Every structure is written in C-alpha cells, then in structure tokens.
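Coordinates in review
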2 protein chains.
Amino acid sequence: MKQKITLKHIARELEVSISTVSKALKNSEEIGRDTKEKVQAFAKLYNYKPNNIAISLKNKRTKNIGVIIPDIVHHFFTTVFRGIEKYANAHGYNVIVCVSDESFDKEVINMELLANGSIDGFIMSLSAETQQKNDFNHLKEVTEQGIPLVLFDRVTEEIDCDKVVINDMEIAYRAVDKLIKTGRKRIALVTTENYFNVSKKRAEGYQKALEDNGLKMEERLVLKLPYTEVNDEMITKFFDTNEIDAVLCVNELFAILCMRLAQKKGLRIPEDISFIGFTNGILSRYATPTLTTVEQHGEKMGQIAAEMLIKKIESEIDEEEETYRTEVIEATLIERESTPN
Amino acid sequence: MKQKITLKHIARELEVSISTVSKALKNSEEIGRDTKEKVQAFAKLYNYKPNNIAISLKNKRTKNIGVIIPDIVHHFFTTVFRGIEKYANAHGYNVIVCVSDESFDKEVINMELLANGSIDGFIMSLSAETQQKNDFNHLKEVTEQGIPLVLFDRVTEEIDCDKVVINDMEIAYRAVDKLIKTGRKRIALVTTENYFNVSKKRAEGYQKALEDNGLKMEERLVLKLPYTEVNDEMITKFFDTNEIDAVLCVNELFAILCMRLAQKKGLRIPEDISFIGFTNGILSRYATPTLTTVEQHGEKMGQIAAEMLIKKIESEIDEEEETYRTEVIEATLIERESTPN
DNA sequence: AAAAGTTACGCAAACGGTTTCGTGTTAATA
DNA sequence: TATTAACACGAAACCGTTTGCGTAACTTTT
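Here the structure is a predicted model, which is why all the values come from computation and not from measurement.

If you tally the helices and strands in chain A, you get 14 helices and twelve strands. With the C-alpha coordinates aligned to their principal axes, the bounding extent of chain A is approximately 85 × 40 × 30 Å. Once local pairs closer than 6 in sequence are excluded, the contacts in chain A between residues at least 24 apart make up 72%. When the accessible surface of chain A is totalled, it reaches about 15,900 Å², and 47% of it is carbon and sulfur. Here chain A holds 46 positive side-chain charges and 55 negative ones, and the gap between their average locations is 5 Å.

Next up, the structure:
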C-alpha cells in the first residue's frame, strides 16, 4: 500500500525545508532553478498532490457546496441537481448532497452538520414539513454566519437570500387560458395542500385565468391530493361527481394518474377532456397519450443557482449591505397529445 | 454577521488555555468542576461547534464518502443513491456525488480530486466509456493508496474490491423461461452494445434459457441499440423484418419505446406480443400497458454498498491480506400487464 | 517538617499545507 | 576594501483541534 506523499516527505528526501518544497512546487521566484527542477521532478515521480483538507483549513475555503433537496428519486430535483453539479464541477467545486426526505428535522440536522466548515455555501429547496411549520431559523442561522444560501423552487419570503424560481403563476395562467381558448369551460385543478408555495402560485394563476375569461372558480373543481400515497378512489370520485372537460395538474404524476382513471371511465383524451401537467419528466413524454406539460427548465435552474452561489462565495467583499436577487426562469408549455392543437 | 466561534475565542474570553477548553468540552477528568461548567456554559451560550475540517485533518477521517455515478437523471442510479445516502447519513457520513456523465475522463478527474483527502472511500458504478476502454488504472491507484472502494452494478473483474450486483444472468434466464412457458417461441432481445457487463450477463441468460428450452438463439432477433439517442426507425425496421412474439429489453426505456411502436404497428400487448424490461422505474408502473419488469432493488443495493464501504473504512486492521466480497442481490420479476399471466 | 501524591491546568507537538519575514552567502557597487 | 543589493533558502506563525506530558500549588502521609 503506497502511502500518500506529503511535503514533509519530499523535504526530508531532498534535504531541503518544507517551505522550499512548497514554494518550488508553486514555481515561486524565490527558489533557484536547480532546486525547483529537482523538487518538481521528484513530486511528479511520486505523484504528489496536495491534501485538500489541509488547504481547506488554511484558506477557510472547502470548494464544496452543500445541496439539500427533499427527494432524490424525483425527476425535477435530479434535473436541477444536474445543472448544479455541472456548473459547480466546471468551476472547481464539489457537491455534497443531503436529502431531507421532506422532513424538517433532517433538514435542520443536515444543515447544521454541513455548516460547521464542510461547505462554502448552500443550495436548497425547502422540505414539505418546513413549509408547513413555517420555521426557518436554521436558514437564518446559516445566513447570519455569513454562509451564502440560494433557494430554488420551494422558497420562502421569510429569508433574505438569492432565489431561483419559475413564473409559476403566469405559466399556470397561460395553461388555463389555452384550455379555455380551445373551448373548455369546466376546468379542474388537481393540486396539493396549500403550504407548498408553488402550488399556491399555480392555483392563483388558475383562478385568475378563469376570472379573466368570465368563468368563476368553483371550489368543487379543485381537488387537493395528499403529497404521498395518492389513492385512486379520491380521483375517481372527483371525476364521477363533477363534469370536467379539462384538468390542470400541479405535477406530472397527478396528471398521469388522472388520465388513467379518466380513460378507464371511457373519456377520450383530448376529445372529451384535456390534461396539462407540470414537470416535463419522462412520464409526460412516454405516457399514453403523451402529456402536454410545463417545462420548468430544471437544469437551467440548477445552473443559475450554482452560478449565483459561487459568485457570492467568491466575492471577497462582504459588503455591509448585501444585495439579493430573485431570478425568475420562464417556464415553457410543451404541447403534446393530451391537449387538442 | 456572527463569526463562527473557535476554541481560541473561548480560551481568550475565559482566560484559560485552548487545551483546557478542549478538554473541558469533552468532559475530561483532568479539568476541575468549576472550570468545566464555566466553559461548557459559555460554549453553549455561543453555540460552539467544532470545525469539521480541523477535525478531519487531525483524525485523517473526513466522514465523507464519494459516490461516482454515470448519470443522475436516471431512476436506477437515484434509487441506489438514496440507499447509500440513507445508510451513510444514519452512520454519520456525508455523501459527495460526482457525475461521470458516462465519460472516462470525468470519472478519472473526479476520482483523483476526491482521493486527495476529501473522502474516506468510494462507491461507484463505471461509466460506459470506462467499460469500453477497459482501462481501470484510476481505480487501481485509489485502491493501492488504501482507499476503500465498492463497485455496484457496472463492475469489473479487473479490480479487487467489494462489489454489489444483481444476479443478472439468472433473472434474464427466468424472464425468458417465463415467456417460453406462456407459449412464446420467437423471443427478441433488445440490448445495448456488449461492453456493458450487465448487458452481457443478461444476454447470456437469454441465450441459455432459449437453448435449455430447445430453441436456438438467432442473431437477427437481437437488436443492439445505441445507449443514447435511440431513433424509432431502427426499432420499427426490426419489428417489420422479424416475426416476434415476445421481447426482453435490458432497460425500461427500450421496452417502452418498443411497446409504443409495436402498438402503432397494430400488435396487441400481451395477446400478440409480450414485453419484459429491466429497471422497475416510474415508466414501468405508469406506461400503457404497465410493464412486466425486473426489480433490481436499487435502494437495497445502495444500502449494502454503503454498509460494506463503511465497514471497510472503520476496520482499523489494515490486514495484509485484504478480503473482498461480491454481494449478489436477488432480482425480482414484477408481473404486470405486458405479459399474460 | 520533609517526602510523596493529587489536582488542575498549560505547553507544545501534531495533522499538511501556505506565507511572511529573516538571514547567510555571493556578487555588484562605491 | 567596505557597503549594499540580489539571491536562495529556512524558521516560524497560522488555520482549529486533540492529546501526551510537564508542573505549580495543594493535600496527604510518615
């Protein structure tokens, strides 16, 4: 087992001081040509690589960024993650991922753990529970320590920091407006509980589009499903008790489930009923029929989040008056078979 | 901005030495009651938390594990990742993820970067390119340095280390055998190029099942698709030029694509043609018809990989004669609508 | 009262680097 | 020949912790 070689080893072997070795490897002007060459050759031969941890300790920079997301087996989050990872990697950063599993406690624990020197900044999307509790002290603590933080998608206004979101309200508006323009009148919304701020925004867009088109929102056309463990019955009942000719779903899975049950009921898509979902994932592309859906540009979102974070990390100036931005990414409606064209 | 407090700050404030503070916080017997209480109270008040980096440097243990996977927007890998992350987190480890993007170079660069002190061990699945090149020097270097390594799913026999795989050959055998038992005779295999060892194993199982049932393998019933950017034409042509009554696909996506095109051709599933895929992902569950598929138990795989790795990391004994295991997870065939029952 | 043992703490080295400053040797200048 | 500058390198501090060991001040024993 080859042990990792350190400056000390090289110094001892070459009978020079550690500082000479360090400088020689950095090609410092201070060191003579012969010594430099000797040291560099030796280092190359033994494949010397500086120890990251030692360097981190010295510079107080880890070149790691912490990403905390609610779930990893999830198309949208992995897409964002890919954007983060690509940008970060290209700029010399590594990514430490923690999954909060939609739990407040895990989110807190993971943040505290990472905040003790392991990372230079955070990128995160709030867990469901955190949004429910409306408790953001862990975020506040981190920002007060001067650790940069970027929130994406599931954000909160309680915390001053950089944010990246999509124009949820407007795209929902446009989606519903489009449904109305194709003659639909009884448009349902299938959503989650309201504590998800994105769901709230989408609901607002839904309502506004209805109203601007002279329709009024009916509570019974809004179905709120639990985030986990949806059972078919709720959906079936919803379709049985209401006449519906179009559905906007706040995510892809809800849309697929609804389409299946509508089809089972004998409805033809999109002739009798149209569907639009959020999250342009693999399901939307390969479902039958393929689903018209809102592309959230997750990878771009991740890339921008990483860009904002790294910029903050590397801006030496800890200006007294920090300035925070909220970047809004334009979502795109991708039309497929579940809506008439 | 509250600066992070260190032992030095506490020491200065309380007019004791740094070592006294350190020992007091660890409740050492060496320190008097009064001093201990004073220090502990102060530390709690100012929310002192030791710096992870300093501790890592001291112990030569980072409590980080490096995970290198070919892709993150991918159901199987994220599932495995979830298993790794859960187990690691529960045992005090954080996870640094690098995505090789199926590229040999990225795999090498990322490994070298992380190997310089950032992590205590690796869990990885080989990139496509690495398997093609058959070049594993980067793995060899890492293991020679004494850094524990666990390979999963896409493994190689060239490297001595712990491994976690599924019984690909047998499950493919069982799948094909099942197809034959339902009366199918012209069974196709849709696979990738052979340099994926898992594809090779699955192909072996396919062939053996045919032969054991008195059928012989026909090359023209084997379709090799490129791993990326599949175009429908290749598949259509394959179906047009061959009479096929069952298909085994080495992944979920191939199966979905094939099913769509078979349906388009007017074939009924499973009456005219059956399908079995690998990877029990979201597509299999929600496609029309739902897909009979091989569940690879990704989460379990990740959990076992993490368990093996952490055990190696924490076994102080760097025994001269290391002993490596290959854990084989039993895959399960999940029957759905794409096969008759 | 002298010797020995406790108690409670500080010093310093170590982990693996970087960097500032000081200094001995040689070469150039006055 | 004395003064100074340039060169090439080493000592030491520092990042934040941990820990073995030394020791001053008491307490106990004989």
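Another point: the relation of the copies chain A and chain B. For the pair of chain copies, the relating operation is a rotation around an axis with a shift along it. Its rotation angle being 180°, the transformation that places chain A on chain B also includes 0.0 Å of axial translation and leaves an RMSD of 0.2 Å. The operation mapping one copy onto its partner corresponds to a two-fold rotation axis. Looking at the rotation axis and the C-alpha trace of chain A, the residue lying nearest is A:Ile96, at 2.2 Å. The share of interface residues of chain A whose copies in chain B are also at the interface is 100%, consistent with both copies meeting through the same surface.

All right, on to the packing of helix H9 (residues 168–181) of chain B against helix H10 (residues 197–212) of chain B then. Residue and element names in this part refer to chain B. Where H9 meets H10, the axes come as close as 7 Å, and the angle between the chain directions of the two elements is 40°. Relative to H10, H9 is oriented oblique. As for the relative orientation of H9 and H10, their crossing is right-handed in sense. Contact residues: Asp168, Met169, Ala172, Tyr173, Val176, Asp177 and Ile180 in H9; Val198, Lys201, Arg202, Glu204, Gly205, Tyr206, Lys208, Ala209, Leu210 and Asp212 in H10. Tallied by class, the residues present in the contact of H9 with H10 amount to nine nonpolar, one polar and seven charged.

Moving on, we get to the protein's contact with DNA strand C. As a structural note, the neighbourhood of DNA strand C is formed by 27 residues, with B:Thr20, B:Lys23, B:Glu30, B:Gly32 and B:Thr35 the closest of them. Within 4 Å of the protein, atoms of DNA strand C come from sugar and phosphate in 55% of cases. One nitrogen or oxygen atom from the side chain of A:Ser22 is found 2.9 Å from a phosphate oxygen belonging to DNA strand C. Between DNA strand C and B:Glu30 there is a distance of 2.5 Å, counted from a base nitrogen to a side-chain nitrogen or oxygen. Of all elements in the fold, only helix H1 (7–14), helix H2 (18–25) and helix H4 (52–59) of chain A together with helix H2 (18–25) and helix H4 (52–59) of chain B reach the threshold of two or more residues within the surface near DNA strand C. The leading source of residues in the surface near DNA strand C is H2(A), at four residues. Within the surface near DNA strand C, the residues separate by chemical class into eight nonpolar, nine polar and ten charged.

Tallying the contact residues gives 56 residues for chain A and 56 residues for chain B. For the pairing of chain A and chain B, the buried interface totals around 4,800 Å² over both sides, and the portion due to carbon and sulfur atoms is 56%. Counting the surface chain A buries against chain B, the share from its top three residues, A:Ile53, A:Asn116 and A:Tyr286, is 14%. Our enumeration of links across chain A and chain B arrives at four salt bridges. Residue B:Glu144 pairs with A:Lys2 through a salt bridge whose shortest N-O separation is 3.8 Å. Taken together, chain A and chain B are joined by 18 residue pairs in polar contact (both at pLDDT 80 or more).

All told, the structure shown has 38 salt bridges over all chains when counted by the stated rule. With a shortest N-O distance of 3.4 Å, A:Glu218 and A:Arg220 are connected by a salt bridge. On the basis of relative accessible area, A:Arg220 is assigned to the partly exposed category, the value being 48%. Of the charged contacts, one joins A:Glu327 and A:Arg325 as a salt bridge, the two residues approaching to 2.6 Å between their closest N and O atoms. With a relative accessible area of 25%, A:Glu327 lands in the partly exposed category. Overall, A:Arg325 belongs to the partly exposed group, its relative accessible area being 43%. One network of salt bridges, with partners in common, ties together A:Asp71, B:Arg82, B:Lys86 and B:Glu299.

The rules behind the values
Residues numbered from 1 in each chain as written. Chains lettered and ligands numbered in written order. Predicted model: local features only at pLDDT ≥ 70, side-chain atom pairs only at ≥ 80, totals over all residues. Heavy atoms only, no water. Helix = DSSP H or I, 4+ residues; strand = E, 2+ residues; numbered from the N terminus. Contact = heavy atoms within 4.5 Å. Areas by Shrake-Rupley, 256 points an atom, 1.4 Å probe, with all protein chains shown as cover. Lys, Arg positive; Asp, Glu negative; His and termini not counted. Charge placed at Lys NZ, Arg CZ, Asp CG, Glu CD. Least-squares fit on C-alpha atoms with pLDDT ≥ 70 in both. Axes fitted to C-alpha atoms, helices over the stretch in contact; angles between N-to-C directions. Parallel < 35°, antiparallel > 145°, perpendicular 65-115°, else oblique. Left-handed = near helix turned anticlockwise from the far one by under 90°. Nonpolar A, V, L, I, M, F, W, Y, C, P; charged D, E, K, R; others polar. Near = heavy atom within 4 Å. Polar contact = N/O pair within 3.5 Å; in protein donor to acceptor, adjacent residues only side chain to side chain. Buried area = accessible area lost by both parts, 1.4 Å probe. Salt bridge = Lys/Arg side-chain N within 4 Å of Asp/Glu carboxyl O. Buried < 20%, exposed > 50% of the residue type's maximum accessible area, 1.4 Å probe, protein only.

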